Amino acid sequence: MNIILIGPPGAGKGTQARILEEERGMVQLSTGDMLREARTSGTEMGKKVADIMDSGGLVTDEIVVGLIEEKLQSAEGDGFIFDGFPRTLAQAAALDDLLRANKQELGAVVEMKVDDDALVARITARSTCANCGEVYNDITRPIPDDGKCSVCGASDFKRRADDNEESLRTRLMEYYKKTAPLIGYYYHAGLLNPVNGLGEIDEVKAEIAASLGA
Ligand code: AMP
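Residues numbered from 1 in each chain as written. Predicted model: local features only at pLDDT ≥ 70, side-chain atom pairs only at ≥ 80, totals over all residues. Heavy atoms only, no water.

## Considerations on the pattern of salt bridges
Rules: A pair is scored as a salt bridge if a Lys or Arg side-chain nitrogen falls within 4 Å of a carboxyl oxygen belonging to Asp or Glu. Elements are defined by DSSP. Helices are runs of H or I of four residues or more, strands are runs of E of two residues or more, and each kind is numbered from the N terminus. Note on exposure labels: buried denotes an accessible area under 20% of the residue type's maximum, exposed denotes more than 50%, and partly exposed covers the range between, all computed with a 1.4 Å probe on protein chains only.
Inspection of every chain in the model, using the stated rule, returns 14 salt bridges. Between arginine 126 and aspartate 163 there is a salt bridge; the shortest N-O distance is 2.9 Å. On the criterion of sequence distance, the pair formed by arginine 126 in strand β5 (residues 126-129) and aspartate 163 in the loop between β7 (157-158) and α7 (165-179) is long-range, its members being 37 residues apart. Aspartate 163 carries the same exposure label as arginine 126, and that label is buried.

## Quick word on the site of the ligand
As a reminder of what qualifies: When at least one non-hydrogen atom of a residue lies within 4 Å of a molecule or strand, that residue is treated as near it. The definition of a polar contact used here is a pair of N or O atoms within 3.5 Å, where within protein one atom must be able to donate a hydrogen and the other to accept one, and adjacent residues in sequence count solely through side-chain atom pairs. Only the protein chains shown count as cover for residues, and the accessible areas themselves come from Shrake-Rupley with a 1.4 Å probe.
Residues in contact with the ligand amount to 16 residues; listed here are only the nearest, Thr31, Arg36, Gly57, Arg87 and Gln91. One nitrogen or oxygen atom from the main chain of glycine 84 is found 3.0 Å from a nitrogen atom belonging to the ligand. For the ligand, the protein covers 97% of the area, taking 480 Å² as the surface of the free molecule. Considering each element in turn, the shell around the ligand owes the most residues, 4 residues, to helix α2 (residues 31-40).

## Some thoughts on the nonpolar core
Filter applied, for reference: Put simply, a nonpolar core is a bunch of buried Ala, Val, Leu, Ile, Met, Phe, Trp, Tyr and Cys residues held in one set by side-chain atoms that sit within 4.5 Å of each other.
Core analysis: the biggest nonpolar cluster contains 31 residues, and Ile68, Phe82 and Tyr186 have the highest contact counts within it. Counting 20 residues, the second largest nonpolar core, distinct from the first, contains Leu5, Met26, Val110 and Leu212.

## Here we look at the packing of helix α5 (residues 89-101) against helix α8 (residues 181-188)
To be explicit about the condition: Helix axes are fitted to C-alpha atoms over the stretch in contact, other axes to C-alpha atoms as well, and angles between N-to-C directions run from 0 to 180 degrees. Here, two residues are considered to be in contact whenever any of their heavy atoms come within 4.5 Å of each other. Think of it as three bins: nonpolar holds Ala, Val, Leu, Ile, Met, Phe, Trp, Tyr, Cys and Pro, charged holds Asp, Glu, Lys and Arg, and polar takes everything else, Gly as well.
Interhelical geometry of α5 versus α8 gives an angle of 35° and a closest axis separation of 9 Å. Here Leu89, Ala92, Ala93, Leu95 and Asp96 of α5 lie close against α8, whose contacting residues are Pro181, Leu182, Tyr185 and Tyr186. Its residues assigned to classes, the contact of α5 with α8 comprises 8 nonpolar, no polar and 1 charged.

## Looking at α7
Rules: Expected span, for any helix, means 1.5 Å times one less than how many residues it has. By definition, the arc is the one covered by directions from the helix axis to the C-beta atoms.
Its 15 residues give α7 an end-to-end C-alpha distance of 20 Å, which sits within 8% of 21 Å, the value for a rise of 1.5 Å per residue. Taken together, the buried positions of α7 are Ser167, Leu168, Arg171, Leu172, Glu174, Tyr175 and Thr179. Along the axis of α7, the buried positions cluster into a sector of 160°, meaning they face one direction only. Opposite its buried face, α7 presents the exposed residues Glu166, Arg169 and Lys177, each directed more than 90 degrees away. On its buried face, α7 sits against β1 (2-6), α3 (44-55), α6 (116-124), β5 and α8. Among the residues of α7, the N-terminal cap falls to asparagine 164, whose side-chain oxygen and the backbone nitrogen of glutamate 166 are separated by 3.1 Å.

Right, here's the structure in full:
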């Protein structure tokens, strides 16, 4: 089954996507991760999007749709988890077309609901393992005492350049202006499953499982 995780920055989409990958063999397709990878490897596209990403704005639909199109053709697994994509109505329409062309369909759209105050606290406390991308949080899920990632054992952690209050304000505004309309779009398509994203990781995981019917 292919699913979309939709929600504001810091709602926990990446964390839940990684759990779904591990437990169900699904494949996470995160346009944010793809764009950060393009920046790290110094591609022309990576350079072009760097400033926009750091400010919290959205990169063009054309770029992210191109990234997803490429992955849909090359990635294999037990269903895709679209994480951070689509973020505009135009991207949602493009995804519909891409899935149709690949003889695939969407099974569900999980909306992770979290209020803004919690988002600021979560995001400014967030870090990830530089090696495997495991997500940590100074308050709710601190890096282990031995300073090593609990998944891969690496000891290098990083914070995202856009995880600061100013970028977050822009990211939230972009979310409410351009992404929130997708909630109506998928509700209308009969695919929307709202879950409370404020709970513990395992509670949210259980809610998502229930909403997917498994
Ligand atoms: P994320 O890791 O999903 O929070 O994305 C980080 C940043 O990458 C966003 O703030 C945008 O600048 C850019 N980005 C990621 N996904 C998209 C998308 N689907 N459409 C436009 N910009 C995106």
